[in-house]
Amino acid sequence: PPQACEWILYRSSFQPDIICYNLLIDAYGQKSLIKKAESIYVELLEAHCIPTEDTYALLTKAYCTSGQLEKAEAIFTEMRQHGLPPSELTLSTKL
């Protein structure tokens, strides 16, 4: 699936959706490619796509897995700024 999403993002005329962005963030996060996951998140925002709770949970998980707890905490702050308080799902990714 990540290859298909990358193709949609960079080589096709299709408009990627939040599911595609989330798949890439998750795939890069699982491989500890945090910079790539972050760049996909920035692309998502630049495309005026609205991050979901899943988006934030995947970023939090990637940061926690790579030991970047301060960045994980910053995600919670960003969520609150966008009117989306962290839920059990998002908080559980940090544990």
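Everything that follows concerns the structure shown earlier in this document.
Enquirer: Quick one: what's the story with the overall build of the protein, residue by residue and with numbers?
Expert: When its secondary structure is counted, the protein shows six helices and zero strands. Taken from the N to the C terminus, the helices and strands of the protein come in the order α-α-α-α-α-α. Per-residue burial over the protein gives 40% buried out of 95 residues. Summing over all exposed atoms, the protein offers an accessible surface of approximately 5800 Å²; the carbon and sulfur share of this is 59%.

Enquirer: Mind laying out the pattern of salt bridges, listing which residues take part and the relevant values?
Expert: Within this structure, the stated rule accounts for one salt bridge. Across the salt bridge formed by Glu38 and Lys71, the nearest N and O atoms sit 2.9 Å from each other. Placement of Glu38 in helix H3 (residues 34-46) and of Lys71 in helix H5 (residues 69-81) is noted, with a sequence separation of 33 residues between them. Given a relative accessible area of 15%, Glu38 falls into the buried group. A relative accessible area of 34% means that Lys71 is categorised as partly exposed.

Enquirer: Quick rundown of the packing of H3 against helix H4 (residues 53-65)? Include the residues and the values.
Expert: Two elements in contact, H3 and H4, have axes whose closest approach is 10 Å; the angle formed by their N-to-C orientations is 160 degrees. It follows that H3 is roughly antiparallel to H4 by the angle criterion. Crossing of H3 against H4: the hand is left-handed. Across from Ile34, Ala37, Glu38, Tyr41 and Leu44 in H3, the residues of H4 making contact are Thr55, Tyr56, Leu59, Ala62 and Tyr63. Grouping the amino acids of the contact of H3 with H4 by side-chain chemistry returns eight nonpolar, one polar and one charged.

Enquirer: Tell me about the side chain of Glu38, residues and numbers included.
Expert: Among the polar contacts listed, one links the side chain of Glu38 to the side chain of Tyr63, at a separation of 2.7 Å. Separated by 2.9 Å, the side chains of Glu38 and Lys71 make a polar contact. Ignoring anything within four residues of it in the chain, the contact list for Glu38 reads Tyr63 and Lys71.

Enquirer: How would you sum up the nonpolar core? Please name residues and give values.
Expert: Membership of the largest hydrophobic core comes to 24 residues, with the highest contact counts inside it found for Ile25 and Ile40. Here Ile40 is in contact with Leu9, Tyr10, Tyr21, Leu24, Ile25 and Tyr28, once residues within four sequence places are set aside.

Reading guide: rules and limits
Residues numbered from 1 in each chain as written. Predicted model: local features only at pLDDT ≥ 70, side-chain atom pairs only at ≥ 80, totals over all residues. Heavy atoms only, no water. Helix = DSSP H or I, 4+ residues; strand = E, 2+ residues; numbered from the N terminus. Buried < 20%, exposed > 50% of the residue type's maximum accessible area, 1.4 Å probe, protein only. Areas by Shrake-Rupley, 256 points an atom, 1.4 Å probe, with all protein chains shown as cover. Salt bridge = Lys/Arg side-chain N within 4 Å of Asp/Glu carboxyl O. Axes fitted to C-alpha atoms, helices over the stretch in contact; angles between N-to-C directions. Parallel < 35°, antiparallel > 145°, perpendicular 65-115°, else oblique. Left-handed = near helix turned anticlockwise from the far one by under 90°. Contact = heavy atoms within 4.5 Å. Nonpolar A, V, L, I, M, F, W, Y, C, P; charged D, E, K, R; others polar. Polar contact = N/O pair within 3.5 Å; in protein donor to acceptor, adjacent residues only side chain to side chain. Core = buried A, V, L, I, M, F, W, Y, C linked by side-chain atoms within 4.5 Å.

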